[in-house]
Amino acid sequence: MTELEYFFEDERGISVIYQLIRFGVGEPWKIVLDGELIGSMQKWQGTWKLQNCDELSKDLLIGLTGHIDAQYFNCLPHEICSRWPNLVEKVVLRSDAAYMIICKEGINFKSFQGIFSKFVPGLLKDEWSVNFQVFNHDFSDDFSLLAKPLVYKKESFGWEEVNR
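Note on numbering: residues in each chain are counted from 1, in written sequence order. pLDDT decides what is reported in this predicted model: residues at 70 or higher carry local features, side-chain atom pairs at 80 or more are listed and counted, and totals for whole chains, interfaces and linings draw on all residues regardless. Values reported for side chains reflect all heavy atoms of the structure, with hydrogen atoms and water molecules removed beforehand.

Asks: How should the pattern of salt bridges be read in this particular structure?
Replies: Pairs can form between side chains of opposite charge whenever their charged atoms are close. One side-chain nitrogen of Lys or Arg within 4 Å of one carboxyl oxygen of Asp or Glu is enough to make a salt bridge. Within this structure, the stated rule accounts for three salt bridges. A salt bridge links lysine 125 to glutamate 79, with the nearest nitrogen and oxygen atoms 3.9 Å apart. Taken as a pair, lysine 125 in the loop between helix H3 (109-119) and strand E8 (130-135) and glutamate 79 in helix H2 (residues 76-83) lie far apart in primary sequence, 46 residues in all. Between aspartate 141 and lysine 110 there is a salt bridge, with the nearest N and O atoms lying 3.6 Å from each other. Here the residue aspartate 141 occupies a position in the loop between E8 and strand E9 (142-147), and lysine 110 occupies one in helix H3, the gap between them amounting to 31 residues. The cut-offs for exposure are 20% and 50% of the maximum accessible area for each residue type, with area from a 1.4 Å probe on protein chains only; residues under the lower value are buried, those over the upper are exposed, and the others partly exposed. The class of lysine 110 is exposed, set by a relative accessible area of 53%. Each helix corresponds to a stretch of at least 4 residues labelled H or I by DSSP, and each strand to a stretch of at least 2 residues labelled E; elements are numbered beginning at the N terminus.

Asks: Whenever I open this one, the packing of aromatic side chains confuses me. Can you help?
Replies: Pairs of aromatic rings are described using the distance from one ring centre to the other and the angle between the two planes. Think of it this way: a Phe, Tyr or Trp ring, Trp meaning its six-membered ring, pairs with another when their centres are within 6.5 Å, and the plane angle makes it stacked under 30 degrees, edge-to-face over 60, tilted otherwise. Applying the stated rule across the entire model yields nine aromatic pairs. Centroid distance phenylalanine 112 to phenylalanine 116: 5.4 Å. Interplanar angle 40°. Geometry classified as tilted. Here the residue phenylalanine 112 and the residue phenylalanine 116 both occupy positions in helix H3, the gap between them amounting to four residues, near one helical turn. With a relative accessible area of 0%, phenylalanine 116 lands in the buried category. Through pairs of rings, three or more aromatic residues link up here, namely Trp84, Tyr99, Phe109, Phe112, Phe116, Phe132 and Phe143.

Asks: Mind showing me how you'd approach H2 here?
Replies: An α-helical segment advances 3.6 residues per turn. Residues three or four places apart therefore align on the same side. Three or more residues of H2 are buried, namely Leu76, Pro77 and Ile80. Burial along H2 is one-sided: seen end-on, the buried residues are contained in an arc of 105°. Residues of H2 that are buried in the fold lie against strand E6 (88-95), strand E7 (98-103), H3 and E8. As used here, the arc is the angular range of directions from the helix axis to the C-beta atoms. The contact criterion used throughout is that any non-hydrogen atoms of two residues lie within 4.5 Å.

Asks: In this structure, what is going on with empty space enclosed by the protein? I would like to understand it.
Replies: Picture a little ball the size of a water molecule; that probe, rolled over the atoms, points out where space is still empty. In this analysis the probe radius is 1.4 Å and the grid spacing 1 Å, with only protein atoms considered; a cavity is a set of points the probe fits into but cannot get out of, a pocket is an open set with protein on both sides within 12 Å along at least five of seven lines, and lining residues have an atom within 4 Å of a point. Grid points are joined across faces, edges and corners, and a volume is the space filled by probe spheres set on the points. Tallied over the entire structure, the rule returns one cavity of 30 Å³ or more. Looking at the largest cavity, its volume works out to about 40 Å³. Under the scheme applied here, ten amino acids are nonpolar (Ala, Val, Leu, Ile, Met, Phe, Trp, Tyr, Cys and Pro), four are charged (Asp, Glu, Lys and Arg), and all others, including Gly, are polar. In terms of residue class, the lining of the largest cavity is made up of seven nonpolar, no polar and three charged.

Asks: Sorry if this is basic, but what is going on with the sheet that holds strand E2 (residues 15-22) here?
Replies: Through backbone hydrogen bonds, the strands of a sheet pair up, either in parallel or in antiparallel fashion. In this scheme, strands are said to pair when DSSP sees at least two bridges between them. Sheet architecture is open: five strands sit in the order E1-E2-E3-E4-E5, paired in antiparallel fashion. Single-partner strands in this sheet number two, and they are strand E1 (2-9) and strand E5 (47-51). Strand-to-strand twist in this sheet, taken as the mean axis angle between neighbours without regard to direction, amounts to 30°. When strand E3 (residues 29-33) meets strand E4 (residues 36-44), the two strands line up antiparallel, connected through five bridges. Paired with valine 32 across the strands is leucine 37, a residue of E4. Its contacts with the sheet put helix H1 (residues 58-69) on E1, E2, E3, E4 and E5, and the angle it makes with E1 is roughly 140°. Under this scheme, a helix contributes an axis fitted over its contacting stretch, all axes are lines through C-alpha atoms, and angles between N-to-C directions fall in the 0 to 180 degree range.

Asks: I tried to follow unusual backbone geometry on my own but got confused; where do I start?
Replies: Backbone geometry follows two general trends: most residues other than glycine have a negative phi, and most peptide bonds adopt the trans configuration. Backbone geometry places aspartate 34, a non-glycine residue, at a positive phi of 55°. Along the chain, aspartate 34 falls in the loop between E3 and E4. Taking the relative accessible area as the measure of exposure, aspartate 34 reaches 75% and is therefore exposed. Even without a glycine there, the phi angle at phenylalanine 139 is positive, about 60°. Summarising the element assignment, phenylalanine 139 is placed in the loop between E8 and E9. Note on phenylalanine 139: relative accessible area 45%, which makes it partly exposed.

Printed below as a string of structure tokens:
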């Protein structure tokens, strides 16, 4: 399950907090206001579609969909593929905290495990840990990695790593 909060200022200048909830990848986002489901929306072939929803203002709809699209979990699969283009065939988003990775044929899978385990925490930008299930090209070998994002704090003489 993925849950986001979106703060919207209506035409009267009143701030309203919408919850956006998705129970699984590929399922619609539920739009919740004050604990009440007001509708859902889903991105279909690059276009957002409202479902079971009274009309929302154009500004609100643009804000909600833009907020979802701007989330880092949407970008991470591309970043992983770009970081290791000769090693990674595909990255599948399962949730904001779980990804499946399929490697290319002909790579040294054990070597990739060491490289991936060492460097993927540096790619994480959200505050929570992410579980990666990594498979070789024919799914005959795999490993799991629970990666914690690297967190740095400002020191007077540079940045110091903080372990969680």
